[in-house]
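Structure assessment
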Amino acid sequence: MNTISRTTRTLSVISWETFVLLRRDKVFVPALVASLLISAFANLASDWSVEDFTKILFDIGFFGFQVTGSLVAIFWGAKIISDSRQEGSLEVQLSAPISRATWIVGKYIGLSLCLITLGVILFVIWQSLMLLNEFGWMTQNQIVCYLFMVLSWLVQGALAIMLASFMGQAIAMFSTLCLWLTGMSSALVANTVSPDSTYLTKAITSGIARFWDFQQFNLVDFIQDNNWLGSQELAYRAAYGVLLILVQISLSVTIFSSRDVNS
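Thresholds applied
- Residues numbered from 1 in each chain as written.
- Predicted model: local features only at pLDDT ≥ 70, side-chain atom pairs only at ≥ 80, totals over all residues.
- Heavy atoms only, no water.
- Helix = DSSP H or I, 4+ residues; strand = E, 2+ residues; numbered from the N terminus.
- Buried < 20%, exposed > 50% of the residue type's maximum accessible area, 1.4 Å probe, protein only.
- Expected span 1.5 Å × (residues − 1).
- Phe/Tyr/Trp six-rings, centres within 6.5 Å; stacked < 30°, edge-to-face > 60°.
- Lys NZ or Arg CZ within 6 Å of the ring centre and 35° of its normal.
- Contact = heavy atoms within 4.5 Å.
- 1 Å grid on protein atoms, 1.4 Å probe; cavity = no way out; pocket = protein on both sides within 12 Å on 5 of 7 lines; lining within 4 Å.
- Points joined across faces, edges and corners; volume = space filled by probe spheres on them.
- Nonpolar A, V, L, I, M, F, W, Y, C, P; charged D, E, K, R; others polar.
- Patch = residues over 30% accessible without salt bridge, like charges linked within 9 Å, V, L, I, M, F, W, Y side chains within 5 Å.
- Areas by Shrake-Rupley, 256 points an atom, 1.4 Å probe, with all protein chains shown as cover.
- Salt bridge = Lys/Arg side-chain N within 4 Å of Asp/Glu carboxyl O.

When helices and strands are tallied, the protein shows ten helices and zero strands. Taken from the N to the C terminus, the helices and strands of the protein come in the order α-α-α-α-α-α-α-α-α-α. The 263 residues of the protein split such that 45% are buried.

In structure tokens, the structure reads:
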């Protein structure tokens, strides 16, 4: 019990430290400013067609918030590992009775808390925009759509940490960005492969689309088409996101535990 209590206490300290450092990071304020500009543009675009304001909000606002949150998740995920190496805090913390697994998990929890905080702030901005234009409160389906967007940020943050565990910051950020774009387009590519393509091409594209499909978290089209998903499908998509996070953090722990902390 003492070991579990000590590990939990250590995990909470690392998580809170990471959360505070990221919240004070220079990227946080620009991300909020960008979100305000996106909201202002969505509000301006609503004047072009008042009847379709909700659709415009979710076309422009959702896309803008998705990109903003994703870029922040990728940057922060790579940054927290790289900064710890450069500042020397990694060696100091690991010299204490802290396992590498606890350190990585704590860093991810801190990152997740900061991304969720960003998500809450953007949600307030989004909801305020709807109230100012007299479209009332967000529906339950719209809120679920937003929650899945935040889940995609958490997946990308885990991916960035995994790559940063054995790469430099710049390479980890670039690789995460490429893998994110791959995940966003994998299903589209698999569905548009020519019937005349080779069996190997079809197998590769369908395999990537099956195991690496970030469109699973994009529910905005279902809101617009009034073709909302059932609870079973939503549970499957949520479980898929959680599974991706667990796999990536597990790989991060395995890789980080077998490498020199300074490499």
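Let us look at helix H7 (residues 169-191). Since the α-helix advances by 3.6 residues per turn, residues separated by three or four positions end up pointing in the same direction. In this model, H7 (23 residues) spans 34 Å end to end at C-alpha, consistent with the 33 Å of a helix rising 1.5 Å per residue. Turning to H7, its buried residues are Ala-172, Ser-175, Thr-176, Trp-180, Gly-183, Ser-186 and Ala-187.

Using the criterion set out here, one finds nine aromatic pairs in the structure. Here Phe-62 and Trp-126 contribute two aromatic rings whose centre-to-centre distance is 6.3 Å and whose plane-to-plane angle is 65 degrees, an arrangement assigned as edge-to-face. Taken together, the residues Phe-62 in helix H3 (residues 53-87) and Trp-126 in helix H5 (residues 100-132) connect sequence positions 64 residues apart. With 4.9 Å between their ring centres and 40 degrees between their planes, Trp-212 and Phe-214 make a pair best called tilted. Taken as a pair, Trp-212 and Phe-214 share a single burial class, namely buried. The structure contains a cluster of three or more aromatic residues connected by ring pairs, namely Phe-62, Phe-65, Phe-123, Trp-126 and Tyr-146. Of note, Arg-100 hangs over the ring of Phe-256, and the distance from its end group to the ring centre comes to 5.6 Å.

Attention shifts here to the environment of Ile-249. Take Ile-249: it is sitting in helix H10 (residues 231-257). Given a relative accessible area of 10%, Ile-249 falls into the buried group. Residue contacts for Ile-249: discarding those within four places in its chain leaves Val-105, Tyr-108 and Ala-158.

So, about the side chain of Thr-176. Summarising the element assignment, Thr-176 is placed in helix H7. Its relative accessible area of 0% is what places Thr-176 among the buried residues.

Glancing now at the layout of surface pockets. Vacant regions in the atomic arrangement are exposed by a probe of water-molecule size rolled over the atoms. Computed from the structure, the largest pocket encloses a volume of approximately 260 Å³. Around the largest pocket, the lining comprises 16 residues; the ones closest to its centre are Phe-62, Phe-63, Gln-66, Met-184 and Asn-218. The biggest single contributor to the lining of the largest pocket is H3, with six residues. Partitioning the lining of the largest pocket into residue classes produces ten nonpolar, four polar and two charged.

This part is about a nonpolar patch on the surface. On the surface, Val-29, Val-33 and Leu-37 cluster together into a nonpolar patch covering about 280 Å² of accessible area. Mapped onto the secondary structure, Val-29 falls in helix H2 (residues 28-46). By relative accessible area, Val-29 is classed as exposed at 53%.

For the rest of this paragraph, the subject is the pattern of salt bridges. Scanning all chains against the criterion turns up one salt bridge. Where Glu-233 meets Arg-237, a salt bridge forms, and the shortest distance between an N and an O atom there is 2.9 Å. Here Glu-233 pairs with Arg-237, and both are found in helix H10, just four residues apart, close to one helical turn. Relative accessible area serves as the criterion here: at 29%, Glu-233 is assigned to the partly exposed category.

This brings us to the side chain of Ser-175. The residue Ser-175 is located in helix H7 in this model. The residues touching Ser-175, leaving out its near neighbours within four places in the chain, are Leu-163 and Met-167.

Shape is all these values report; function is a separate question.
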